[in-house]
Structures are given as structure tokens and as C-alpha cells.
Amino acid sequence: MGEPDATAAIMTALAGGVGLLALMTLAYGTVLCRLGDRPWLRQICLGLLFGAGGVAAMLQSVPVAPGVYPDVKAVPVALAAPFGGTLAAILTVGIVATGRIAVGGAGTLPGVTGILLAGAAGLMMARLVPPVEWRGARPLFLLAPLSALNTLGIFVLPWGVALPTFIHGGLPVALFTVVGILMLGTMLARERRRVDTERVLRDAALSDPLTGLANRRAFFGAIDREVAGALRHDTPVSLLLLDIDHFKEVNDAHGHDVGDAVLVALSRVLQRGVRQSDLVARFGGEEFAILLPCTSLEGAFLLAERLRCAVSDCGVQHDGALLHVTVSIGVSTLSPNADRPDTLIKAADIALYRAKSEGRDRVCRDHALCQPEAVPAA
């Protein structure tokens with residue numbers, strides 16, 4: 001093969017490698033969407049993804065000397081840390097380096113050296129540049145030329161072999177590494193922005209704008225999942241429905257801004273008083289719902305009493321004075337009489353109505369679940 005033909009073959013193969021790496025963008029967005037709330041698993045999956053991209057890039061290589069195969073495997077290796085995290089970068093370097101060792105040949109040592117240099121460049125840039133900056137393309141213009149220095153790893157070979165190999169193979173690799181990082185990094189940044197935007201919109205659709213609690217839509221989705229899981233695994237699920245006593249009078253007497261402040265203060269009290277696994281939702285107006293997985297009726301009743309006292313002790317500043325409110329709470333739990341989400345909610349609502357009709361500022365349990373009084377023997 002003549003020199004022009006060899007250079008053309010290298011350029012064609014490297015261009016194909018960069019095009020192959022572009023397919024990683026779709027998989028990257030899928031991982032972010034599915035595993036956004038599981039950071040360790042997300043990093044592992046992204047490490048596998050970037051590692052597979054690096055191995056795929058090696059399949060596009062063209063030999064320029066016995067055992068020497070230039071390629072653009074440095075592109076996913078360098079991008080793994082900024083777009084996947086430290087664990088993803090370590091996995092990527094390990095996978096790609098193992099693949100290069102498996103290929104073998106005289107270029108094994110410079111190939112592995114180049115992989116380590118690209119991985120170090122990505123880790124260093126990820127540490128120096130704040131994560132929010134990687135949503136744009138500016139850091140890529142620093143990462144790209146820095147990562148292209150991985151081609152200097154060829155100089156671990158004897159000078160007489162390294163110099164002509166670098167001239168004919170290293171320079172095209174450096175060029176395509178820069179182009180590949182700019183191109184793939186830009187697509188990954190755009191995909192990250194898209195996923196972040198969708199997450200913000202999804203959270204906004206499932207949260208109450210005033211209190212930040214889950215809204216009615218999020219609550220119904222959660223109770224459907226919890227009830228189905230509880231029936232499948234035979235575990236208890238309980239529900240609290242709270243209503244602020246005489247809340248209309250608060251709005252009429254002090255204004256809706258004070259009423260909003262009361263709702264915000266109440267939401268904070270409720271969030272502080274429950275477990276991380278419990279769901280506090282604004283059910284509507286001045287009514288709140290608390291879903292309690294793996295909680296019996298007795299445990300839910302005790303929690304309701306603690307919350308009732310905490311709300312009573314909490315005050316909202318208004319005109320130099322503390323404004324206090326009370327709540328009435330209805331409690332229900334999964335049972336043969338309430339074995340569906342709608343019946344569980346209805347049972348808690350009936351108990352809440354009893355609490356309000358019996359004087360407010362109290363907790364009532366679902367009447368069907370109360371122990372019947374003993375009937376004296378005749």
C-alpha cells in the first residue's frame with residue numbers, strides 16, 4: 001500500500017469510528033432517563049457504555065506498522081469522566097485497556113499508555129470544571145486538545161519506529177480525537193440538557209407549586225404502586241388524610257397570603273415528621289395525604305397523633321404575633337374492607353369526617369378497623 005493510499009485508509013477508518021461513537025448518544029440519554037435517581041448503577045452502566053464505545057472504535061483501526069493500530073478509542077475514554085462520573089471513567093479505562101491488550105502486537109504498550117493519558121485528561125477536566133459547565137460546549141475545547149496528547153504514547157516505542165508511525169498515524173489520530181470529542185461531547189451535552197429539561201418538567205407536573213409536595217396526580221400514582229406491592233408481598237400500608245381546621249376563617253380574617261404561609265409551614269412540619277419512604281402530598285386545598293408503606297394501623301395512629309401535636313405547636317408569624325392552627329386526621333389501613341386504593345382513601349376520608357364532626361383537632365381511625373366492644377354474656 002502506497003503512502004497516500006495508507007493515509008486515505010486511515011482517514012476513512014477513523015471517520016467511521018467517529019460515526020460509530022455518535023450512536024452512543026441515544027444509549028446515553030436512555031441511561032440518564034432510566035437511572036437518574038440511582039447514581040451508582042447509572043455510573044456503572046455508563047462505564048460499560050463508554051467502554052463498549054472504545055472497543056468498537058478499535059474495530060475501526062487500520063494497521064500502519066506490525067502490531068500498531070491507530071484509532072479514536074481515546075474519545076469515549078476522555079468523555080467518560082465528565083459525562084459519566086469517576087466510577088464510569090475507571091470502568092471505561094479498564095475495559096478499553098483490556099481490549100487493547102487482547103488485540104496485542106507491538107503497539108500494545110503505547111496503546112495502553114494512550115488510554116491512560118486520555119482517561120487522566122478526562123478525570124482532571126471533570127475535577128476542574130463544575131458539572132453544570134458540561135451542559136455547554138466550552139469545556140470541550142480544552143478537553144479535546146488535551147486528550148489528543150494520548151498519541152504521544154507512541155513514543156514508548158523505539159525512536160526509529162515511533163517517529164514515522166506518529167507522522168503517518170499519530171497526527172491523523174490526534175486530529176480525529178479532537179474532532180470526535182467536540183462532536184460526540186456536543187451531542188452528549190445536548191442530550192444531558194434534554195434529559196434535565198424533561199426531568200424538571202416531569203417534577204413540575206408531579207409537585208405542588210406552593211408547598212413543593214407531591215400533588216394529587218403523583219399521590220394517585222404512588223398509592224396504586226404501594227397497594228399493588230403490599231397485596232403481592234402481604235405487607236401493611238396505611239394512609240393519613242389531614243384537613244386544616246377552620247382554614248376558610250384564616251383566609252377571610254388574615255388574607256390569602258397568610259393562608260399560603262400556613263400551608264407552607266404545615267407542609268414543612270409534615271415532611272420533618274415522616275420517614276424518607278413516606279409520601280406527603282397536597283391532596284387539594286387545605287387537605288393533605290400521607291402514604292405510609294409498611295405501616296400498621298397502630299403505627300399510623302401514633303404518627304398521626306405526633307403530627308397533630310407538632311402542627312398545634314407550630315406557629316406562623318403575622319403582625320408580630322404567632323398564628324396557630326390545628327388539624328383533624330383520618331387514618332385507614334389496607335384490610336379486607338379496604339383492599340384497593342379507592343377504598344383505602346374512602347375509609348380515611350370517612351375517618352377524617354368523624355374527626356371533624358366530633359370536635360376537630362383530633363385523630364380518628366377507620367371505624368371498620370376499630371376493635372368491636374365486648375358483648376357481655378347473657
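Just so it is clear, the model here is predicted, and its values are computed rather than measured.

Enquirer: Please clarify how the nonpolar core should be interpreted in this entry.
Expert: A general tendency of soluble globular proteins is for nonpolar side chains to be buried together. Of all hydrophobic cores here, the largest spans 38 residues; its most connected members are Y28, L46, F50, L79, F83 and I181. Contributions of two or more residues to this core are made by α2 (24-34), α3 (39-58), α4 (74-84), α5 (86-103), α6 (108-128), α7 (140-148) and α8 (159-205). The element that contributes the greatest number of residues to this core is α4, accounting for eight residues. The contacts of F83, once residues within four sequence positions are left out, are Y28, L46, F50, W134, L140, G185, L188, A189 and R192. Ranked by size, the runner-up nonpolar core spans 32 residues in total, among them V250, L263, A265 and V363.

Enquirer: Sorry, what's going on with the layout of surface pockets here?
Expert: Quantified by volume, the largest pocket comes out at close to 400 Å³. Surrounding the largest pocket, 21 residues form its lining, R42, P82, F83, P131 and R192 being those nearest its centre. Secondary-structure elements contributing two or more residues to the lining of the largest pocket are α2, α3, α4, α6 and α8. Here the lining of the largest pocket is built from residues that sort into eleven nonpolar, five polar and five charged.

Enquirer: What's the story with empty space enclosed by the protein in this structure? I'm lost.
Expert: Remark: the empty space left among the atoms is shown by a probe the size of a water molecule rolled over them. Counting across every chain of the model gives two cavities of 30 Å³ or more. The calculated volume of the second largest cavity comes to roughly 50 Å³. V262, A265, L266, V269, V311, C314, G315, V316, L323 and V325 are the residues that line the second largest cavity. Breaking the lining of the second largest cavity down by element, the ones donating at least two residues are α11 (256-273) and β4 (315-318).

Enquirer: Sorry, what's going on with the sheet that holds strand β7 (residues 363-365) here?
Expert: Sheet strands pair via backbone hydrogen bonds, and the direction of the pair is either parallel or antiparallel. Spatially, β2-β3-β1-β6-β7 is the arrangement adopted by the five strands of the open sheet, whose pairing is mixed. Whereas interior strands pair on both sides, the edge strands pair on one side only; in this sheet they are β2 (279-284) and β7. Taking the axes of each pair of neighbouring strands and ignoring which way they run, one obtains an average angle of 20° across the sheet. Relative to strand β6 (residues 327-333), strand β1 (residues 237-244) is paired through seven bridges, and the arrangement is antiparallel. Considered in β6, the bridge of L239 is made with S332. Its contacts with the sheet place helix α12 (residues 297-313) against β1, β3 (287-293), β6 and β7, and it is angled at close to 170° to β6. Contacting β1, β2, β3, β6 and β7, helix α13 (residues 341-357) crosses the sheet at an angle of about 145° to β6.

Enquirer: How should I be thinking about a nonpolar patch on the surface in this particular structure?
Expert: A surface patch of nonpolar side chains, amounting to about 410 Å² of accessible area, comprises W159, L163, I167 and L171. Mapped onto the fold, I167 is located in helix α8. Classification of I167 as partly exposed rests on a relative accessible area of 44%.

Enquirer: Would you mind showing me how to read the pairing of β4 here?
Expert: Here is the key point about a regular strand: its side chains alternate between the two faces of the sheet. Pairing of β4 with strand β5 (residues 321-324), which is carried by four bridges, proceeds in the antiparallel orientation. Bridge pairing in β5 places H318 opposite A321.

Enquirer: Help me understand the environment of C314, please; the structure alone is not making it clear to me.
Expert: Structurally, C314 can be placed in the loop between α12 and β4. With residues near it in sequence (within four places) discarded, C314 still touches A265, V269, L323 and H324.

Enquirer: Just checking my understanding: could you explain the side chain of R282 for this structure?
Expert: For R282, the location among the structural elements is in strand β2. R282 sits in the buried class, given a relative accessible area of 17%. Among the polar contacts made by the side chain of R282, one reaches the main-chain carbonyl oxygen of G285 at a distance of 2.9 Å. Here R282 is in contact with D208, L210, T211, L213, A214, N215, R216, L263, E287 and F288, once residues within four sequence places are set aside.

Enquirer: So what exactly am I meant to see when it comes to the confidence of the model for the protein chain here?
Expert: Residues with a pLDDT of 70 or more make up 87% of the protein chain, whose mean pLDDT is 85. The weakest mean pLDDT in the protein chain belongs to helix α1 (residues 3-22) at 56; the strongest belongs to β3 at 96. Per-residue pLDDT stays below 50 along residues 370-378; that stretch engages in one contact with residues further than four places along the chain or on separate chains.

Enquirer: Sorry, what's going on with the pattern of salt bridges here?
Expert: Pairs may arise between side chains of opposite charge once their charged atoms sit close together. Counted according to the given criterion, the structure contains 13 salt bridges. In this structure, R135 and D196 form a salt bridge, with 3.6 Å as the shortest nitrogen-oxygen distance. Of the two residues, R135 is situated in the loop between α6 and α7 and D196 in helix α8; the sequence distance between them amounts to 61 residues. Between D252 and K248 there is a salt bridge; the shortest N-O distance is 2.9 Å. Taken together, the positions of D252 and K248, both in helix α10 (residues 247-254) and four residues apart, correspond to about one turn of that helix. We classify K248 as exposed; its relative accessible area is 60%.

Enquirer: Just checking my understanding: could you explain the packing of aromatic side chains for this structure?
Expert: Between two aromatic rings, the relevant description is the distance of the centres plus the angle of the planes. Scanning all chains against the criterion turns up six aromatic pairs. Residues F83 and W134 carry aromatic rings whose centres are separated by 5.9 Å and whose planes lie at 70° to one another, so their mutual orientation is edge-to-face. With F83 in helix α4 and W134 in the loop between α6 and α7, this pair connects stretches of sequence that are 51 residues apart. Accessibility assignment for this pair places F83 and W134 in one class, buried. Relative to F283, the ring of F220 lies with its centre 5.9 Å away and its plane at 45°, an arrangement referred to as tilted.

Calculation rules
- Residues numbered from 1 in each chain as written.
- Predicted model: local features only at pLDDT ≥ 70, side-chain atom pairs only at ≥ 80, totals over all residues.
- Heavy atoms only, no water.
- Core = buried A, V, L, I, M, F, W, Y, C linked by side-chain atoms within 4.5 Å.
- Buried < 20%, exposed > 50% of the residue type's maximum accessible area, 1.4 Å probe, protein only.
- Helix = DSSP H or I, 4+ residues; strand = E, 2+ residues; numbered from the N terminus.
- Contact = heavy atoms within 4.5 Å.
- 1 Å grid on protein atoms, 1.4 Å probe; cavity = no way out; pocket = protein on both sides within 12 Å on 5 of 7 lines; lining within 4 Å.
- Points joined across faces, edges and corners; volume = space filled by probe spheres on them.
- Nonpolar A, V, L, I, M, F, W, Y, C, P; charged D, E, K, R; others polar.
- Pairing = 2+ DSSP bridges.
- Axes fitted to C-alpha atoms, helices over the stretch in contact; angles between N-to-C directions.
- Patch = residues over 30% accessible without salt bridge, like charges linked within 9 Å, V, L, I, M, F, W, Y side chains within 5 Å.
- Areas by Shrake-Rupley, 256 points an atom, 1.4 Å probe, with all protein chains shown as cover.
- Salt bridge = Lys/Arg side-chain N within 4 Å of Asp/Glu carboxyl O.
- Polar contact = N/O pair within 3.5 Å; in protein donor to acceptor, adjacent residues only side chain to side chain.
- pLDDT = per-residue confidence, 0-100.
- Phe/Tyr/Trp six-rings, centres within 6.5 Å; stacked < 30°, edge-to-face > 60°.

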